[in-house]
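What follows is each chain in one-letter form.
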Amino acid sequence: MISFLDLKLINNQYRDTLIEAATRVIDSGWYMQGTEVHAFEEEFAAWCGTEHCIGVANGLDALTLTLKAWKELGRLKEGDEVIVPANTYIASILAITENRLKPVLVEPDETTYNLCPEKTATAINSNTKAILAVHLYGQIAPMPDIMALAKTHNLLVLEDSAQAHGAATKGKKAGNWGDASGFSFYPGKNLGALGDAGAVTTNDPELAKTIRALGNYGSHKKYENLYQGVNSRLDEIQAALLRVKLYYLDAETQRRREIALAYAQGIENPVIIQPIGRDANLASVQNHAFHLYVVRTGTRDALQQHLLNAGVQTMIHYPIPPHLQQAYSDWNTHSYPVTEDIHQQVLSLPISPVMTDEQVQKVIESCNDFPVPNR
Ligand SMILES: *Cc1c(COP(=O)(O)O)cnc(C)c1O
């Protein structure tokens with residue numbers, strides 16, 4: 001069986017170095033807010049090209065704390081509208097509602113699965129105060145256009161970069177386009193810790209300072225609490241492990257891109273719609289970190305079963321859109337047809353830096369021998 005994502009194999013590549021890093025922390029006797037977190041924050045900010053990076057407990061907190069900080073700084077207030085793609089992972093929306101802000105769901109572009117500038121523009125009104133741009137599946141959203149829109153309407157932009165470490169457009173990486181960006185280092189993400197971890201990147205020193213305080217009980221200074229904060233910090237041990245994995249991230253992303261290009265060129269089944277064209281090349285896919293390789297087909301469940309029978313494990317990202325979740329029952333009667341089609345048709349093929357060329361070929365062949373259904 002070709003597994004969808006073999007985390008054990010991924011981390012086993014760096015086993016000795018990871019053990020050394022963990023040992024360094026264990027032996028230091030210092031487990032929170034020490035030299036490893038500080039070093040990782042500097043290294044990750046430098047890698048993204050931003051001035052600041054603040055380590056937090058997970059990706060959801062990275063988004064939630066950024067919005068909360070903007071409220072503390074008087075840049076947002078309860079009830080303000082935040083534009084967000086309707087087909088995102090639920091965490092983007094939870095960050096908004098947790099802050100008592102109002103998510104305004106916007107249909108995505110049906111080929112990129114990301115926000116499109118035109119539909120975003122039509123959703124803007126006098127209550128709109130921010131755009132949460134999600135780089136879904138690893139492909140960067142159209143940030144130059146989104147930033148221009150935000151500038152015109154005086155909106156804050158928060159990037160959800162949880163799936164897009166290293167995706168770039170116009171030479172600038174995800175995490176360095178918006179006013180701030182949330183990253184997740186959940187084990188299955190492109191830069192994955194061995195537990196929960198996350199970070200915010202920003203070029204705004206005041207925001208950085210506020211997020212740092214909010215994640216530490218609202219305290220800038222020990223035992224003095226400026227805000228009603230929370231406990232959301234990155235551990236020393238996870239930071240030490242992330243530093244090891246950051247070192248290899250560019251090479252891993254390169255491998256993901258090579259696999260994506262092999263799929264794009266090798267899969268010829270007319271019922272399978274691919275995320276990139278056959279003529280794509282390494283230069284043209286720098287906007288995509290290929291966290292996921294998501295294809296689309298009208299006969300998704302049959303394709304998934306066919307691949308499973310052939311020994312290829314696939315996943316669905318995601319089976320139920322946020323507006324049809326019970327958690328948001330007020331929206332269950334709303335209709336977002338593009339989003340609903342996407343959720344019924346998408347299938348994620350295995351893609352990971354440890355896949356061999358033989359496994360990639362096997363996935364391609366198994367896709368190509370999926371019988372085109374009679375209609
Ligand atoms: C994973 C993910 C998050 C949340 O990150 P956690 O670390 O799991 O909290 C947020 N947004 C998107 C798009 C994600 O994929």
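- Looking at an unreviewed UniProt entry, the protein chain carries the name DegT/DnrJ/EryC1/StrS family aminotransferase, with the source organism given as Marinobacter panjinensis.
- Looking at the protein chain in UniProt, the text filed under Sequence similarities (unreviewed entry) is "Belongs to the DegT/DnrJ/EryC1 family."

1. Brief notes about the UniProt feature "modified residue: N6-(pyridoxal phosphate)lysine" (unreviewed entry) in the protein chain
Next up, step 1: Here, UniProt's "modified residue: N6-(pyridoxal phosphate)lysine" (unreviewed entry) annotation points to Lys-189.
Next up, step 2: Residue position: Lys-189 is located in the loop between strand 8 (180–184) and strand 9 (198–202).
Next up, step 3: Taking the relative accessible area as the measure of exposure, Lys-189 reaches 18% and is therefore buried.
Next up, step 4: With sequence-adjacent residues up to four places away left out, Lys-189 is seen in contact with Ala-162, His-165, Ser-184 and His-291.

2. What to know about the site of the ligand
Next up, step 1: Around the ligand sit Asn-58, Gly-59, Leu-60, Tyr-89, Ala-91, Asp-160, Ala-162, Gln-163, Ser-184 and Lys-189, and that is every residue in its neighbourhood.
Next up, step 2: Between the ligand and Gly-59, the relevant distance is 2.8 Å, taken from an oxygen atom to a main-chain nitrogen or oxygen of the residue.
Next up, step 3: Interatomic distance of 2.8 Å between a backbone N/O atom of Leu-60 and an oxygen atom of the ligand.
Next up, step 4: Protein coverage of the free-state accessible area of the ligand, which is 380 Å², stands at 90%.
Next up, step 5: Among the residues making up the shell around the ligand, the classes are represented as 4 nonpolar, 4 polar and 2 charged.

3. Here's the deal with unusual backbone geometry
Next up, step 1: Cis geometry marks the peptide bond from His-317 to Tyr-318, where omega comes out at 10°.
Next up, step 2: Of note in this structure, Tyr-217 is not a glycine but carries a positive phi near 65°.
Next up, step 3: Residue position: Tyr-217 is located in the loop between helix 8 (205–214) and strand 10 (219–221).
Next up, step 4: Take Tyr-217: its relative accessible area is 43%, and that puts it in the partly exposed class.

4. Section: the packing of aromatic side chains
Next up, step 1: Counted under the stated rule, the structure contains 12 aromatic pairs.
Next up, step 2: Arranged with centres 5.3 Å apart and planes meeting at 90°, the rings of Phe-44 and Phe-185 form a pair that is edge-to-face. Of this pair, Phe-44 sits in helix 3 (residues 35–48) while Phe-185 sits in the loop between strand 8 and strand 9; the two residues are 141 residues apart in sequence, bridging distant segments of the chain.
Next up, step 3: Among the residues examined, Phe-185 registers a relative accessible area of 0% and is labelled buried.
Next up, step 4: Ring geometry for Tyr-113 against Tyr-137: centres 5.4 Å apart, planes inclined by 65°, an arrangement best described as edge-to-face. Separated by 24 residues along the polypeptide, Tyr-113 in the loop between strand 3 (102–106) and helix 6 (117–123) and Tyr-137 in the loop between strand 4 (128–134) and helix 7 (143–153) bring together distant segments of the chain.
Next up, step 5: Members of the aromatic cluster, joined through ring pairs, are Phe-40, Phe-44, Trp-47, Phe-183 and Phe-185.
Next up, step 6: For the cation-ring pair, Lys-172 lies above Trp-177, with the distance from its terminal atom to the ring centre recorded as 4.6 Å.
Next up, step 7: Between the NZ or CZ atom of Lys-173 and the centre of the ring of Trp-47, over which it lies, the distance is 3.8 Å.

Conventions used here
Residues numbered from 1 in each chain as written. Predicted model: local features only at pLDDT ≥ 70, side-chain atom pairs only at ≥ 80, totals over all residues. Heavy atoms only, no water. UniProt positions renumbered as here; feature names shortened; annotations may be inferred. Helix = DSSP H or I, 4+ residues; strand = E, 2+ residues; numbered from the N terminus. Buried < 20%, exposed > 50% of the residue type's maximum accessible area, 1.4 Å probe, protein only. Contact = heavy atoms within 4.5 Å. Near = heavy atom within 4 Å. Polar contact = N/O pair within 3.5 Å; in protein donor to acceptor, adjacent residues only side chain to side chain. Areas by Shrake-Rupley, 256 points an atom, 1.4 Å probe, with all protein chains shown as cover. Nonpolar A, V, L, I, M, F, W, Y, C, P; charged D, E, K, R; others polar. Phe/Tyr/Trp six-rings, centres within 6.5 Å; stacked < 30°, edge-to-face > 60°. Lys NZ or Arg CZ within 6 Å of the ring centre and 35° of its normal.

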